[in-house]
Amino acid sequence: MLNQSTPLDLMFQALADPSRRIMVERLSRGPASVSELARPLTMSLPAVVQHLQVLEASGLVRSEKVGRVRTCHIDWAALKTAEDWMLERRKNWELRLDRLGDFLAEQEKG
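In this report, the structure presented in the accompanying data block is examined. In this numbering scheme, every chain counts its residues from 1 along its sequence in written order. Residue-level local features of this predicted model are given only where pLDDT is at least 70; pairs of side-chain atoms are given and counted only at 80 or more, and the full residue set underlies all totals for whole chains, interfaces and linings. The basis for every side-chain value is the complete set of heavy atoms in the structure, and neither hydrogens nor water enter the calculation.

### Remarks on the environment of methionine 11
- With respect to the helices and strands, methionine 11 occurs in helix H1 (residues 2-15).
- Separated by 71 residues in the primary sequence, methionine 11 and alanine 82 have C-alpha atoms spaced 7.3 Å apart.
- The contact definition used throughout considers only heavy atoms, calling two residues in contact when any of these lie within 4.5 Å. Once you skip the residues sitting within four places of it in the chain, methionine 11 turns out to touch Ser58, Leu60, Ala78, Thr81 and Ala82. Numbering of helices and strands runs from the N terminus; a helix is a DSSP stretch of H or I covering at least four residues, while a strand is a stretch of E covering at least two.

Encoded structure:
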């Protein structure tokens, strides 16, 4: 079980940073060059590259270099892994809250 959570841990750690979330948000609209990803951020290009390395290590982003341009893409399968994990937690809490609601309704009757 511990080994299965490692990729998920890396994804959530990568998404914990607001700058990386901005990059992921931009990449969700389509591929982008590193320069394009850096444009809205107030940091140096080397800092942007470091953030992208974290996103790539997490599996959320893939990149390829053609000539002098590095283009980044979101990895939808990796993002779906995080989404599935969150949806499972949500289902569990909804079931618990439904049971609590049933219990409270019974208490009001009795």
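Still more ground to cover, so stick around.
### Considerations on the packing of aromatic side chains
- By convention, a stacked pair of Phe, Tyr or Trp rings (six-membered ring in the case of Trp) has centres within 6.5 Å and planes under 30 degrees apart, an edge-to-face pair has planes over 60 apart, and any other such pair is tilted. A complete count under the given rule lists 1 aromatic pair for this structure.
- Looking at arginine 96, its charged tip hangs above the ring of tryptophan 93, at a distance of 4.9 Å from the centre. In this scheme, the term charge over a ring applies when either NZ of a lysine or CZ of an arginine sits within 6 Å of the ring centre and within 35 degrees of the ring normal.

### Quick notes on helix H4 (residues 45-58)
- Residue count minus one, scaled by 1.5 Å, sets the expected span of a helix. Helix length check: H4 (14 residues) gives 20 Å between terminal C-alpha atoms against 20 Å at 1.5 Å per residue, within 8%.
- Listed as buried for H4 are Ala47, Val48, His51, Leu52, Leu55 and Ser58. Projection of H4 onto a plane perpendicular to its axis shows the buried side chains occupying an angular sector of 140°, all on one side. Exposed side chains of H4 directed beyond 90 degrees from the buried face belong to Pro46, Gln50 and Ala57.
- Glycine 59 occupies a position one or two residues after H4 and carries a positive phi of about 90°. Only protein chains enter the accessibility calculation, which uses a 1.4 Å probe. A residue is then buried if its area is under 20% of the maximum for its type, exposed if over 50%, and partly exposed in between. The arc in question is formed by the directions pointing from the helix axis toward the C-beta atoms.

### So, a nonpolar patch on the surface
- Together, Trp93, Leu97, Leu100, Phe103 and Leu104 line one region of the surface with nonpolar side chains, adding up to about 540 Å² of accessible area.
- Inspection of the secondary structure puts phenylalanine 103 in helix H5 (residues 76-109).
- The partly exposed category is assigned to phenylalanine 103, whose relative accessible area is 47%. Residues qualify for a patch when their relative accessible area is over 30% and they have no salt bridge, like charges being joined within 9 Å and the nonpolar side chains of Val, Leu, Ile, Met, Phe, Trp and Tyr within 5 Å. Areas reported as accessible are Shrake-Rupley estimates using a 1.4 Å probe. Residue values count occlusion only from the protein chains shown. Any Lys or Arg side-chain nitrogen located within 4 Å of an Asp or Glu carboxyl oxygen qualifies as a salt bridge.

### Some remarks on the pattern of salt bridges
- A complete count under the given rule lists 6 salt bridges for this structure.
- One salt bridge in this structure joins glutamate 88 and lysine 91, with 3.5 Å as the shortest N-O distance. Here lysine 91 and glutamate 88 lie together in helix H5, a separation of 3 residues that amounts to about one turn.
- Owing to a relative accessible area of 47%, lysine 91 belongs among the partly exposed residues under this scheme.

### Brief notes about the sheet that holds strand E1 (residues 32-33)
- Two strands are counted as paired when DSSP detects at least two bridges linking them. Spatial strand order, E1-E3-E2: 3 strands in an open sheet with antiparallel pairing. Because the sheet does not close on itself, it has two edges, and the strands there are E1 and strand E2 (61-66).
- Examined bridge by bridge, E2 and strand E3 (residues 69-74) share 6 bridges and lie antiparallel to one another. Paired with valine 66 across the strands is valine 69, a residue of E3.

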